[in-house]
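So you can see what is in the structure, the chains are spelled out below.
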Amino acid sequence: MDSWDVERLNELLEQDVELREKIKEQVTDLDKKTRNMVGILNKIHSTPPESIPGLLDCVRPILHGCQTTTAAMAALVPPSQFWRWKEMWSNSLRTAVYSAALVEFLATGKLISLPEVSQILGIKDEWKDRFALVVEDYLHGLISLVNELSRLAVNAVTLGNFEAPIQISMFVKDLFAGFSMLNLKNDTLRRRFDSLKYDLKKIEEVVYDVSLRKLAPPHRKEVSI
């Protein structure tokens, strides 16, 4: 290896380090935004139903503010290097998916789709070789949503909201059925999916208790989500 090769290799290493630091700055910014959203959304466990819309109004501007960060990261990553750098922002992006999914469920009772999350976060199709929301990260966000909803089912009852566990149960059962039809080959994703049965059981126990005590109004026809 001659001196030119060494010099060139050092130059490439320095460029990689510089790029990593720039991406890290944007990931830190995304982390800050997602932590802020999670902190606000955590208040749903002690907030009466009539005050939930106001809480969601506090989250939406932060959620849409993630668009500037995703655009900045897409601008930094060189073409065709998405998979090289993806792990740097995966956890933050999954949390953003969770936040968007929880806001959608609390507002409409529906499941947010992958394209809808991408649109909210400002992720464009033309970035797919540099920055994208892949199915795996979307599914991780949905599993976190179910984890949180199992907790909400319990806490809603303490706030006197006896219909919430029934609505949550219908939603989670539908989502669980969808997951069951997927061919999950990723070990981490598969383990997290397997844990959903415990969340489902926890929700069903709350629904059973509410129904047994006749605390909720008569069960209405289930609406497909």
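Use the structure listed above.
None of these values were measured; they are calculated from a predicted model.

Topic: the pattern of salt bridges
- The full count for this structure, using the stated rule, is 13 salt bridges.
- Measuring nitrogen to oxygen at the nearest pair gives 2.3 Å for the salt bridge that ties D16 to R84. Highlighted residues: D16 in helix α1 (residues 3-41) and R84 in helix α3 (residues 82-85), separated in sequence by 68 residues.
- Overall, the relative accessible area of 27% leaves D16 in the partly exposed class.
- Residue classification places R84 among the partly exposed residues on the basis of a relative accessible area of 46%.
- A salt bridge links R94 to D137, with the shortest nitrogen-to-oxygen separation between them at 2.7 Å. In this pair, R94 is assigned in helix α4 (residues 90-108) and D137 in helix α6 (residues 135-158), connecting sequence segments 43 residues apart.
- Salt bridges here are not isolated pairs; linked through shared partners, they connect K86, E87, R94, E136 and D137.

Focus: the packing of helix α8 (residues 187-194) against helix α9 (residues 196-212)
- One can describe the packing of α8 onto α9 by two numbers: an axis separation of 4 Å at closest approach and a directional angle of 20 degrees. It follows that α8 is roughly parallel to α9 by the angle criterion. Contacts from R192, F193 and D194 of α8 reach α9 at L196, K197 and Y198.
- Grouping the constituent residues of the contact of α8 with α9 by class yields three nonpolar, no polar and three charged.

What to know about the nonpolar core
- Ranked by size, the top nonpolar core spans 64 residues in total, and within it W89, L149 and F179 carry the most contacts.
- With sequence-adjacent residues up to four places away left out, F179 is seen in contact with L139, L142, I143, L184, F193 and L196.

Looking at the side chain of S118
- Along the chain, S118 turns up in helix α5 (residues 114-120).
- Residue class for S118 comes out buried when judged on its relative accessible area of 11%.
- The residues touching S118, leaving out its near neighbours within four places in the chain, are I123 and L133.

Comments concerning the state of the cysteines
- On inspection of all chains with the given rule, the structure shows zero disulfides.
- Of all cysteine sulfurs in the structure, the one in C66 sits closest to C58, which takes part in no disulfide; the separation is 15 Å.
- The buried category is assigned to C66, whose relative accessible area is 0%.

Each value, and the rule that gives it
Residues numbered from 1 in each chain as written. Predicted model: local features only at pLDDT ≥ 70, side-chain atom pairs only at ≥ 80, totals over all residues. Heavy atoms only, no water. Salt bridge = Lys/Arg side-chain N within 4 Å of Asp/Glu carboxyl O. Helix = DSSP H or I, 4+ residues; strand = E, 2+ residues; numbered from the N terminus. Buried < 20%, exposed > 50% of the residue type's maximum accessible area, 1.4 Å probe, protein only. Axes fitted to C-alpha atoms, helices over the stretch in contact; angles between N-to-C directions. Parallel < 35°, antiparallel > 145°, perpendicular 65-115°, else oblique. Contact = heavy atoms within 4.5 Å. Nonpolar A, V, L, I, M, F, W, Y, C, P; charged D, E, K, R; others polar. Core = buried A, V, L, I, M, F, W, Y, C linked by side-chain atoms within 4.5 Å. Disulfide = S-S within 2.5 Å.

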